[in-house]
Structure formats: structure tokens, C-alpha cells
Amino acid sequence: MPLTNPWLSVPSPAGRLDRERLEERILNLLSSQNMCVLATAGPDGPLATPVRYYSLGFTVLFTAAPRSPKMRKIAADPRVSVGIFAPLVGLASSRGAQLFGSARVLDPGHPDRAHYWEAFRWENEHAERGRLLSEPPEDTLVAVEAERIVYTEHWLRREGFAPRQFWRC
């Protein structure tokens, strides 16, 4: 039987991308997707929540209702993991990232909120909800600044690089 991607049948190479090239690939993934899975933990156990996000550099941004389960978990322990992946057709197209960091809750009066809010395209959500675009929301904004990232892309194997690459802040 012919192999569609024969390079997948050999052992994975161990090469590491240089930092600039790795960052370019990570930023491409973050800016080309809009859904992630937010993993939180708390006294009553773990929670994995699908969340629509926007990114600013290596920071993932999302809004959340203050009393939601994910916000209760973040209040108990701000350490989170965020999983982002591109649509998968097969192993050759496997591409994703796990971001690890601490969630910062930026209420409407928080001094750092404006910096992040500019990257958050709230107009999309407002239009979906039938709200006026002339009235910006006062939603709670959450920013997860990556401290480390595990990036996976099997296509890298074709160029002699390991499919799993590691980034640290």
C-alpha cells in the first residue's frame, strides 16, 4: 500500500528550531485560530472549557462572566493551561500548542486593561448579541500571558526538526 506521507514512517528527528522561527510558527497558530480549551483546577477538581479567544503576542485573551465556573477556578488557582489547535486532517497536519501561565483578571477599572482591550475584537460578540456597537462592553477580561509553550507540528519532521518544540518566556 502506498504511503501518503512516507516521512511519517521513520523515527522523528530531534532538531530544534531557532527561537525566532519557533516564535513565528507559534504566533501564526495563535492568530489563525479563535477557539481554545482553557484548563483550570480548583478545590473540586479540574475543568476544561472551550473558549473563544483573541491573542496579543503570546497572550491569550477572553471574556467571562464573573460567577462562571472557570472564573471561580481561576480565583482559587490562577495557574492555567490553554490548548490551541488547528483543524486536523491527519497526523501530517497535526499542529497545536499548549500554553502555560497564570490568568490575570482585568476588571473594567484595572489599569492594564486598556493595553489588552485594544486587541480584543469585542465588536464581533456585540453584533452577535444584538448590542449597539456604540456602547463598548464592561465585561471582565482575562489575559493569560504564556510563561512556556509546547508547540507541536508534525510537518516540521520533513525539514529535520522534532515535531514537538519548547518555548519559554
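Because the structure is predicted, anything quoted here is derived from the model rather than measured. (Residues numbered from 1 in each chain as written. Predicted model: local features only at pLDDT ≥ 70, side-chain atom pairs only at ≥ 80, totals over all residues. Heavy atoms only, no water.)

Turning to the pairing of strand β6 (residues 95-106), a few remarks are in order. Across seven bridges, the pairing between strand β5 (residues 79-85) and β6 is antiparallel. Paired with Phe85 across the bridge in β6 is Gly96. Two elements, β6 and strand β7 (residues 140-153), share 12 bridges in a ladder whose sense is antiparallel. Paired with Arg95 across the strands is Glu153, a residue of β7. (Pairing = 2+ DSSP bridges. Helix = DSSP H or I, 4+ residues; strand = E, 2+ residues; numbered from the N terminus.)

With that settled, the discussion passes to helix α4 (residues 122-129). Looking only at α4, the buried set comprises Trp122, Glu125 and His126. Along α4, the residues classed as buried sweep out an arc of 100° about the axis, all on the same side. The outward face of α4, more than 90 degrees from its buried face, is lined by the exposed residues Ala127 and Glu128. Looking at the packing, one finds that the buried side of α4 touches β2 (45-52), β3 (54-56), β4 (59-64) and α3 (113-117). Gly130 occupies a position one or two residues after α4 and carries a positive phi of about 75°. (Buried < 20%, exposed > 50% of the residue type's maximum accessible area, 1.4 Å probe, protein only. Arc of directions from axis to C-beta. Contact = heavy atoms within 4.5 Å.)

So, on to the packing of aromatic side chains. What the rule picks out here adds up to four aromatic pairs. Both rings, one in Tyr54 and one in Phe120, keep their centres 4.7 Å apart while their planes meet at 80°; by these two values the pair is edge-to-face. You can see Tyr54 sitting in strand β3 and its partner Phe120 sitting in the loop between α3 and α4, a full 66 residues away along the chain. Note on accessibility: Tyr54 and Phe120 belong to one class, buried. Seen from their ring centres, Trp117 and Phe120 are 5.2 Å apart, and the 15° between their planes marks the pair as stacked. Like Trp117, the residue Phe120 is buried in the burial classification. Following the ring pairs from residue to residue traces out a cluster consisting of Tyr54, Trp117 and Phe120. The ring of Trp117 carries the charged tip of Arg113 above its face, separated from the ring centre by 4.3 Å. It is Arg148 that lies over the ring of Phe100; its NZ or CZ is 3.9 Å from the centre. (Phe/Tyr/Trp six-rings, centres within 6.5 Å; stacked < 30°, edge-to-face > 60°. Lys NZ or Arg CZ within 6 Å of the ring centre and 35° of its normal.)

By size, the foremost hydrophobic cluster in this structure holds 30 residues, and its most contacted members are Ile26, Phe62, Ile74, Val82, Ile84, Leu99 and Ile149. Every element with two or more residues in this core is listed here: α1 (19-32), β1 (35-42), β4, α2 (69-76), β5, β6 and β7. Among the elements that line this core, the one with the most residues is β7, at five residues. Apart from the residues within four sequence positions on either side, Ile149 is in contact with Ile26, Phe58, Ala97, Gln98, Leu99, Gln165, Phe166 and Trp167. Membership of the second largest hydrophobic core comes to 10 residues, among which are Leu61, Trp117, Ala119 and Phe120. (Core = buried A, V, L, I, M, F, W, Y, C linked by side-chain atoms within 4.5 Å.)

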